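Observations on chain architecture
Single-letter residue listing:
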Amino acid sequence: MNASHPSRIFVAGHRGLVGSAIVRALERRRADAGEPWEIVTRTRAELDLRDAAAVRNFFEKERPAFVVLAAAKVGGIKANHDFPVEFLLENLKIQNAIIESAHAVGVSKLLFLGSSCIYPKLAPQPIREKSLLTGLLEPTNEAYAIAKIAGIKLCQAYRRQYGAHFISAMPTNLYGPNDNFDLQGSHVLPALIHKFHLARAKGQGSVTLWGTGAPRREFLHADDLAEACRVLLEKYDADEIINLGTGEDVTIKELAEIVREIVGFTGEIVWDTSQPDGTPRKLLDVSRVRALGWVPRIGLRAGIASAYEWFLAHHVGGRRPAAVA
Ligand code: GFB
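Presented here is a report on the structure given in the accompanying data block. (Residues numbered from 1 in each chain as written. Predicted model: local features only at pLDDT ≥ 70, side-chain atom pairs only at ≥ 80, totals over all residues. Heavy atoms only, no water.)

1. Regarding the state of the cysteines
Here a disulfide denotes one covalent bond, and it connects the sulfur atoms of two cysteines. Heads up, the rule is: Criterion for a disulfide: a pair of cysteine sulfur atoms at a distance within 2.5 Å. The buried label goes to any residue with under 20% of its type's maximum accessible area, the exposed label to any with over 50%, and the partly exposed label to all in between, with areas taken from a 1.4 Å probe on protein chains only.
All told, the structure shown has zero disulfides when counted by the stated rule. Looking at Cys117, it has no disulfide partner, and the nearest cysteine sulfur is the one in Cys155, 16 Å off. Owing to a relative accessible area of 7%, Cys117 belongs among the buried residues under this scheme. Cys155 carries a free sulfur, and the closest cysteine sulfur to it, the one in Cys229, is 13 Å from it.

See the structure below:
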C-alpha cells in the first residue's frame, strides 16, 4: 500500500456552510502557526461522494492522512420532513463511502460531523453525550438522525475492531457564510433573514413564520464550529461522541425579534401554527469540548449581523432595502 501524505487533509463538503468554514480555519492555522497542511477538496462535479467506487479511487490516488467529513444532505425542518428518502439514503451513501475508503487506505484520523438531532426528542437538558439512543427521535428529522447515528456507529466500529482513529462530533444548529437561504428548504436562521429582508424590501406589513415560536434552539457560528473541529483534530481521540455548541439557547420568538431588528423590519410577525415546531428544545451540554480549551467567540447578535451582510453581498448584489441604506 502506498504511504499516505502526512500533512494532506481532505475536507469533504468544502463548499457548504461547515466545510468552507473548516477550510478557512485550517488556512488560518497554516498561516498563523506554520502548519504544513495541504488541503484537498473536490467539487460535486469532480467527485460524486455518493459513488463508492469513485470515492475509493479518489482515496487510493490522493492518500490523505486526515479527513473531515462535512459533506451531507442537510436542510431545515420542512426539507427533512418532506424528503426522508434523500436524507436517509444520500447521507448513508456519502458517509459509508468516505469512512470505508478512509480505513482502506489507512487514514490516520477522521472527523465525522453529526448533528444535535441524533438525540432523543425529549432528552434531559442540557443534553449530554450519553443520551444517545436512550429514547425516541423527533419524527420531523428521524431519517437524517438515523443516518447520522449510523455514521457514529460506523466510526466507533472501525475504532473498536481495527483501532482506527475515527472520531464523531455533534454540532448544534449552525449558521454563517455559505448557508442555504432557500425559503422552503433552509434552516430557521437563514430563512428568517431572507423573509424579513424580502418583507422590508417589498414594504410588507407582516411576515409569516412557522410553528408557535415556542421551541428553543442553540445557534453556533460556523467559524466557531470550525475552530472547535481543528481543536478536535489536534487534541481529541476517543470513542465517545463530543457535543459542539455554545451552551445557550433562545426561543424561536426571541430569535425572530433579533433578526427583525438587525434587518430593520418594523411590521408584524404572524405564526403559522399549522407548520411543525419540531423538537421542543435541544440545548447541548458542552462541558466535554470546553475541557479541551475551546470557547465560542462569536455572539449571536454579531453573528446574525455578519450573516445578514453575507446574504446581502451574495444574494442581492449588496443591495439593502432602500429604507435601511
Ligand atoms: O432550523 P429548523 O428548520 O430545524 O427550524 P430544527 C427550527 C424551528 O424554527 C422550528 C421554526 O420550530 C420551526 O418551526 N421556524 C419558524 C422556521 N419559521 C421558520 C422558517 O421560516 N423556516 C424554518 N426552517 N423554520 C433541524 C433538523 O431541525 O435542525 C435537521 O430538521 C438538523 O435535521 C438541523 O438537525 C440542525 O432545528 O427543528
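Past the structure itself, the notes keep going.
2. A short note on the pairing of strand β3 (residues 64-69)
Test applied: For helices the rule is a DSSP run of H or I covering at least 4 residues; for strands it is a run of E covering at least 2, with both sets numbered from the N terminus onward. The criterion for strand pairing is that DSSP finds at least two bridges linking the strands in question.
Most of β3 is tucked away: five of the six residues are buried. Note that strand β1 (residues 5-12) and β3 share five bridges and pair parallel. Among the inter-strand pairings, Ala12 is bridged to a residue of β3, identified as Leu69. As paired strands, β3 and strand β4 (residues 109-113) are joined by four bridges and run parallel to one another. Directly across from Leu69, in β4, lies its bridge partner Phe112.

3. Some points on helix α1 (residues 17-33)
Which entries qualify depends on this criterion: Multiplying 1.5 Å by the residue count of a helix minus one yields the expected span of that helix. Contacts are assigned to residue pairs with any non-hydrogen atoms lying within 4.5 Å of each other.
When the terminal C-alpha atoms of α1 are compared, their 24 Å separation across 17 residues agrees well with the 24 Å that a helix rising 1.5 Å per residue should span. By the burial criterion, the buried members of α1 are Leu17, Val18, Gly19, Ser20, Ala21, Ile22, Val23, Ala25 and Leu26. Lining the buried residues of α1 we find β1, β2 (38-40), β3, β4, β6 (173-175) and α7 (222-235).

4. So, the site of the ligand
For clarity, the threshold we go by: A cutoff of 4 Å decides nearness: a residue is near a molecule or strand if any of its heavy atoms lies inside that distance of it. Identification of polar contacts relies on pairs of N or O atoms within 3.5 Å, with a donor-acceptor requirement for protein atoms, meaning one able to donate a hydrogen and the other able to accept it, and with residues adjacent in sequence counted only if both atoms are side-chain atoms. Exposure was quantified through the Shrake-Rupley algorithm and a 1.4 Å probe, taking into account, for residues, occlusion by the shown protein chains and nothing else.
Near the ligand there are 23 residues, and of these Ile77, Lys195, Arg217, Pro276 and Asp277 occur at the shortest range. A distance of 2.9 Å is found between an oxygen atom of the ligand and a side-chain nitrogen or oxygen belonging to Ser115. Between the ligand and Asn141, the relevant distance is 3.4 Å, taken from an oxygen atom to a side-chain nitrogen or oxygen of the residue. In isolation the ligand exposes 700 Å². Once the protein is present, 98% of that is buried. At the level of secondary structure, the elements contributing two or more residues to the shell around the ligand comprise α3 (77-82), α6 (188-202) and β7 (206-210). Residue contributions to the shell around the ligand peak at four residues, all from α6.

5. Re the nonpolar core
Side chains of a nonpolar character, in soluble globular proteins, are inclined to be buried together. Worth spelling out the cut-off: We define the nonpolar core as a collection of buried residues of types Ala, Val, Leu, Ile, Met, Phe, Trp, Tyr and Cys that are connected through side-chain atoms lying within 4.5 Å of one another.
Of all hydrophobic cores here, the largest spans 75 residues; its most connected members are Ile22, Leu49, Phe59, Ile98, Leu110 and Leu232. The element best represented in this core is α7, accounting for eight residues. Setting aside anything within four residues of it in sequence, one finds Leu232 in contact with Lys109, Leu111, Ile167, Ala169, Ile242, Leu244 and Leu292. Counting residues in each nonpolar core, the second largest holds 25 residues, with Phe181, Ile193, Ile258 and Ala307 among its members.

6. Quick notes on the pairing of strand β5 (residues 166-171)
Defined as follows: Looking down the strands as they point away from the viewer, one classifies a crossover as right-handed if the path from the first strand across the helix to the second runs clockwise.
Along β5, six of the six residues are buried, which leaves the element largely enclosed by surrounding structure. Of the two faces of β5, the one holding Phe166, Ser168 and Met170 and the one holding Ile167, Ala169 and Pro171 are both buried throughout. Where β4 meets β5, four bridges bridge the pair, whose relative direction is parallel. When the sheet's bridge partners are listed, Phe112 is paired in β5 with Ser168. As for the winding sense of the linkage, the β-α-β connection from β4 through helix α5 (residues 142-162) to β5 is right-handed. Where β5 lies against strand β10 (residues 242-244), three bridges are found, and the strand directions are parallel. Across the sheet, the residue bridging to Met170 is Asn243, located in β10.

7. Section: the packing of aromatic side chains
Test applied: Any two rings among Phe, Tyr and Trp, with Trp reduced to its six-membered ring, count as a pair given centres within 6.5 Å; such a pair is stacked if its planes are under 30 degrees apart, edge-to-face if over 60, and tilted if neither.
Counted by the stated rule, this structure contains 10 aromatic pairs. When the centroid spacing of 5.8 Å and the interplanar angle of 85 degrees are considered together, the rings of Phe10 and Phe59 count as edge-to-face. Here Phe10 is found in strand β1, whereas its partner Phe59 is found in helix α2 (residues 52-62), with 49 residues between them in sequence. Classification of Phe59 by relative accessible area gives buried; the value is 0%. Look at Phe58 and Phe59: their rings are 5.5 Å apart centre to centre, the planes differ by 90 degrees, and that puts the pair in the edge-to-face class. With respect to class, Phe58 is no different from Phe59; both count as buried. Put simply, the rings of Phe181, Tyr308, Trp310 and Phe311 pair up and form one aromatic cluster.

8. Some details on unusual backbone geometry
Each neighbour pair has its own omega, and for Gln125 with Pro126 the value is -15 degrees, a cis peptide bond. With respect to the helices and strands, Pro126 occurs in the loop between β4 and α5. One non-glycine residue with positive phi stands out, namely Arg63, at about 50 degrees. Mapped onto the elements, Arg63 comes out in the loop between α2 and β3. Positive phi is not limited to glycine here, since Asn178 has a value of about 65 degrees. The residue Asn178 is located in the loop between β6 and α6 in this model. Given a relative accessible area of 31%, Asn178 falls into the partly exposed group.

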